[in-house]
Every structure is written in structure tokens, then in C-alpha cells.
Amino acid sequence: NNMARRMARDFDVVVFGASGFTGAEVCIALSKGNLPNVRWAIAGRNLEKLNVIRDRCQAGPNKPKEMIIANVSDISSLKKMANRTKIILNCTGPYCFYGEPVVKACIETKTHCLDLCGEPEFYDRTLLYHHENAVKAGIVIVHAAAWDSVPADIGVLLAAKQANSVGKKADYVEVFHRFKGLSSGHVTTYEAAVHGVGSAMGGQLNKIRKQVAEKFPAFKHAPTGIKPRGAISTSPIGYSLKFPGSDSSVIKYSQRILNDRSLCPKVGVFVVIPTFKDFFLVLVLGTIFGILSKFEYGRKQLLLRYPTLFTLGFFTHKGPSQQELSNGSFETSIIAYQSPASSSSSSPSSSSLSSSSKPTVSSSVLICGPEPGYVATPLLFLAMTSMVLESLTDTPKTHPPPSLNVVSGCTTPAALVGVQGIDRLVHKINQLPGFNISIS
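The structure presented is a predicted model; accordingly, all values stated were derived computationally and were not measured.

So, how was this worked out
- Residues numbered from 1 in each chain as written.
- Predicted model: local features only at pLDDT ≥ 70, side-chain atom pairs only at ≥ 80, totals over all residues.
- Heavy atoms only, no water.
- Salt bridge = Lys/Arg side-chain N within 4 Å of Asp/Glu carboxyl O.
- Helix = DSSP H or I, 4+ residues; strand = E, 2+ residues; numbered from the N terminus.
- Buried < 20%, exposed > 50% of the residue type's maximum accessible area, 1.4 Å probe, protein only.
- Pairing = 2+ DSSP bridges.
- Axes fitted to C-alpha atoms, helices over the stretch in contact; angles between N-to-C directions.
- Contact = heavy atoms within 4.5 Å.
- 1 Å grid on protein atoms, 1.4 Å probe; cavity = no way out; pocket = protein on both sides within 12 Å on 5 of 7 lines; lining within 4 Å.
- Points joined across faces, edges and corners; volume = space filled by probe spheres on them.
- Parallel < 35°, antiparallel > 145°, perpendicular 65-115°, else oblique.
- Left-handed = near helix turned anticlockwise from the far one by under 90°.
- Nonpolar A, V, L, I, M, F, W, Y, C, P; charged D, E, K, R; others polar.

Colleague: Quick one: what's the story with the pattern of salt bridges, residue by residue and with numbers?
Modeller: A side chain with one charge may pair with a side chain of the opposite charge, provided their charged atoms come close. In the structure shown here, the tally under the stated rule is 16 salt bridges. Where Asp55 meets Arg54, a salt bridge forms, and the shortest distance between an N and an O atom there is 3.8 Å. For the salt bridge of Glu174 with Arg229, the shortest nitrogen-to-oxygen distance reads 3.0 Å. In this pair, Glu174 is assigned in strand β7 (residues 172-180) and Arg229 in the loop between α9 (204-215) and β9 (232-235), connecting sequence segments 55 residues apart. Residue classification places Arg229 among the partly exposed residues on the basis of a relative accessible area of 28%. Taken together, the shared-partner salt bridges in this structure form one network comprising Asp10, Glu66 and Arg84.

This is the structure we're talking about:
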């Protein structure tokens, strides 16, 4: 009955927060036909700004059908918007302030919702307070369905799946992000980071995580005997720092749902910085950012008031130009290791391995793509949306709908698609301009 009601709605997709910097890029990607034959509309609180976005989308083959006025401060407007579509793409952040009303409206109207959020506190709050209602409504609330954190999350699942397919194990996985040509970002991305780090440094995130752990226990990894990489280390390709983004939280979220030791290794996520000068600069700025984020005065009166100063001009209210976006790219390397103990137990001939034996590489995945924040993000967001849309299709024309691992409740990318849908998602991503996923 829920599906029948959704199939009869005016639109397949509504982009909420369409006039924001990232929301606008999602709209432009939709207008270019990245979701063919999809009926879609744009939504936000400001009609004048929506008109600008609609005009920017006129050059593409798939123009938005309508503009919808909706505001997070007006729940009735959110429900009216959600009731007209199968899926809401929520691009309105910071999500810690503006995300929950959209989730509530989607649950009440039985409308699927995907976001491109990189704020762990929001994932946990939604899981804690809205998961059961989402399950009852028969909808999915998919968090981090963009560059935060599709490459890392599905990359770990791919690496574990590949290791299993060749008779090996993924006991420990390292994820390395490398960025090239990034020169600026929009201030809204920075603002979300300020509040996210502030939540972690101030203790709010830990408080809610304790409540989540009591209700939804974390996945328990088996001992591996592999010593994890430290928060700071060196390698032939540069200096690696523990990645400060949401990837680790998202991977743990997915593993809680997947709950399979063969698919859920211990994971470390890092960013690779090629030169000592840049490494030292990031370390200093990161330390200042972390300290100031912990205090309300530091957040409101310093970091949020002077974003350009505290990022040395990287984050601005204007955001990157199209030329700057075209110059950026990312590479995410995922390397799975098998412990000597696993090798010994799976191979009789290796029983003589000594305690000094080192872990061996059991699989690797390389995900390459365009500028992550505003080019890769909308494309990955639409690829994830396509997976959900196809699961709603009663009579697909070219292929059967993918069998999603999660059909209702709060979830994250790898848990949503699972082993049964991961190959289909990889195929979609490899068809996106500038993307390539290789597995070995």
C-alpha cells in the first residue's frame, strides 16, 4: 500500500535546499540527465533564489517540473512537499539544525529521504529517535549518500567482498584519501564542520553515542593481531593523518547493520598529504580549529565569524568557481590486510608462520573521481538515489530492480546496498563522468 501511494505521486524526486551551493549542483546534475526520465522538482524557502536555480537548469534535457516553497520552520510546508514525491533529496544543512524536521515530515508522509550529510551526531540522533518510526512507515532514511561517505563506505565492503572471493580474509582495512587541485570550498561546508567538531570536542557526540550503543550495539570485531596505523605516520607517498571527516562513523554504522565478520573488518581512515610544508600547515590549522570548536565563544565569535581567516582563504561565501571545480580530483585507496593468524588457519601449509610474520594484502580497491565536494558529491548522490528509485519500480524496462539489503529504517550507503546490490552501484558509478573504480 505504501508503494502504491508513492507510485501515484507527482514527482520521483524533490531536491530540498535547491538554492544552496551544493543543492544547486545537485539540480544541475539532474537537469543534465544523470537520472534519465525522472520527474523532479526543486524546493526551498526563497522563491527568488529558486527562480535562479530553475533558470540555470534550463539548458539541460531534463528540466525541473515545478518549484515548491517549503521551510524547516514550517512542518506543514515540509509535509505538503514530501507528500508529492517518492524521494526527498535533503541538501539543507547544517543538518544538526535543519535535518530533523525533514526526517519527521518524510516519516509522516511515507517518503524516502537521502541526505549528503557529514555530521555523525545527526546520524546518531536520527537512528536513536526516528529509526523505529521509519521502519513502520516503510521508508529508508539514507545518510552520507555522497562523497561523504560513499567511496570509503562501499570501498571497505568491496575490499572485503573481493578478499572473500579469492579465499582470503579482510581482517584490517586502511582507507587513504588523496586530493589534487583543490583550491577553495563554500562556507556552508565549513560551518557544518565547525558544529560537527564542536559536538565531538564538547562531549555531546559521546553522550548520544552512549545512548545509541545501549539501544543499537556496535559490531564487535574479532582480534586480528594487526597493529593499526597511528593517527600520524609517513609513507613513500607522503604524510598520513587520521581523516577528520565522517567516514569512520559511517563505516561503523554500516557494519552495525551488515553484522557479518567476513564483510566487516577493522578500519582506519586517513588523508595523505604529499609535502611536509602542507602537512605541518594542516596540523597547525587543525589543532587551532579543534581547540576553538570546543567552546561556544570560539565557534560563534571566531571560527564562524572569520571562516576565511581560519582556513587561510580556502572557505569563502562565494565558493569555488567552475574552473576551480574542474581542476580538482580525488583518489581513495582501500587496502585490505589478512593477519598471519588468518593465513595460518586457512592454509595448512602456513602453520610454521612465526610470531614476527607480517599481515599480507588480501585485496585492494581504487576509486578515482572529480572534485569531491561539489562535483563528485551530486553525481554520487544521484547514483545512490537511482538505487532507491529502481527498488520502487514495479516493471523495470531493462533489468530487474536491485535487491537492497535495507528496505526500511535509518541506514548508510554500504548497508543499504549490501553484497547483493554493490556490483550494481559500482556499475553506476563507473558510468559517471570522471569516475573509475578498480578492484584487485
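Colleague: Tell me about the sheet that holds strand β13 (residues 329-338), and please be specific about residues and values.
Modeller: Spatial ordering of the open sheet is given by β9-β10-β11-β7-β13-β14-β16, a layout of seven strands whose pairing is mixed. Two strands close off the open sheet at either side, each with one partner strand: β9 and β16 (436-439). Across the sheet, the axes of successive neighbouring strands diverge by a mean angle of 20 degrees, strand direction being ignored. Of the strand pairs in this sheet, strand β10 (residues 238-242) and strand β11 (residues 266-273) are connected by four bridges, and their pairing is antiparallel. Paired with Tyr239 across the strands is Ile273, a residue of β11. Helix-sheet contacts for helix α7 (residues 150-165) involve β7, β11, β13, β14 (360-370) and β16, and the interaxial angle to β14 is about 145 degrees. Set on the sheet, helix α10 (residues 247-258) makes contact with β7 and β11; between it and β11 the angle comes to about 160 degrees.

Colleague: Let's hear about the side chain of Glu121: which residues, and what values?
Modeller: Relative to the elements of secondary structure, Glu121 occurs in helix α6 (residues 120-137). Residue class for Glu121 comes out buried when judged on its relative accessible area of 14%. Setting aside its immediate chain neighbours within four residues, Glu121 contacts Ser199, Gln204, Leu205 and Ile208.

Colleague: Tell me what's going on with the sheet that holds strand β1 (residues 11-16), and back it up with residues and numbers.
Modeller: Read from one edge of the open sheet, seven strands run β3-β2-β1-β4-β5-β6-β15, paired in parallel fashion. A single partner strand is all that each edge strand has here, and the edge strands are β3 (67-69) and β15 (409-411). The mean inter-strand angle of the sheet, taken between neighbouring strand axes irrespective of direction, is 20 degrees. Inspection of the sheet shows strand β5 (residues 112-115) paired to strand β6 (residues 140-142) by two bridges, in the parallel sense. Bridged to Cys113 within β6 is Ile141. Where helix α3 (residues 47-56) meets the sheet, it contacts β2 (40-44) and β3, and its direction lies at approximately 160 degrees from that of β3. Contacts from helix α5 (residues 95-109) reach β1, β4 (85-90), β5 and β6 within the one sheet, and its direction differs from that of β4 by about 175 degrees.

Colleague: How would you summarise empty space enclosed by the protein if you had to cite specific residues and measurements?
Modeller: Counted under the stated rule, the structure contains three cavities of 30 Å³ or more. In this structure, the largest cavity encloses a volume near 60 Å³. What lines the largest cavity is Cys96, Glu119, Pro120, Glu121, Phe122, His195, Gly196, Ser199 and Leu205. Those elements that place two or more of their residues in the lining of the largest cavity are α6 and α8 (187-202).

Colleague: Report on the environment of Pro64, specifying residues and quantitative values.
Modeller: Inspection of the secondary structure puts Pro64 in the loop between α3 and β3. Residues Pro64 and Trp40, 24 residues apart in the sequence, show an inter-C-alpha distance of 5.4 Å. Those residues in contact with Pro64 that lie beyond four places of it in its chain are Trp40, Ile42, Arg54 and Cys57.

Colleague: Can you break down the packing of helix α2 (residues 21-31) against helix α16 (residues 372-392) residue by residue, with the values?
Modeller: Running from amino to carboxyl end, α2 crosses α16 at an angle of 55 degrees, the nearest separation of the two axes being 9 Å. When the interaxial angle is binned, α2 and α16 end up oblique. As α2 packs across α16, the resulting crossing turns out to be right-handed. Along its contact with α2, which presents Phe21, Thr22, Glu25, Val26, Ala29 and Leu30, the element α16 presents Gly373, Tyr374, Thr377, Pro378, Leu379, Phe381 and Leu382. Among the residues making up the contact of α2 with α16, the classes are represented as nine nonpolar, three polar and one charged.

Colleague: Can you tell me about unusual backbone geometry, naming the residues and giving the values?
Modeller: Put simply, Gly93 and Pro94 share a cis peptide bond, and its omega is -5 degrees. Structurally, Pro94 is set in the loop between β4 and α5. Ser149 follows Asp148 through a cis peptide bond whose omega is 0 degrees. The residue Ser149 is located in the loop between β6 and α7 in this model. One non-glycine residue, Asn37, lies in positive phi territory at about 65 degrees. By the secondary structure assignment, Asn37 is in the loop between α2 and β2. For Asn37, a relative accessible area of 76% translates into the label exposed. Of note in this structure, Lys110 is not a glycine but carries a positive phi near 55 degrees. Here Lys110 shows up in the loop between α5 and β5.

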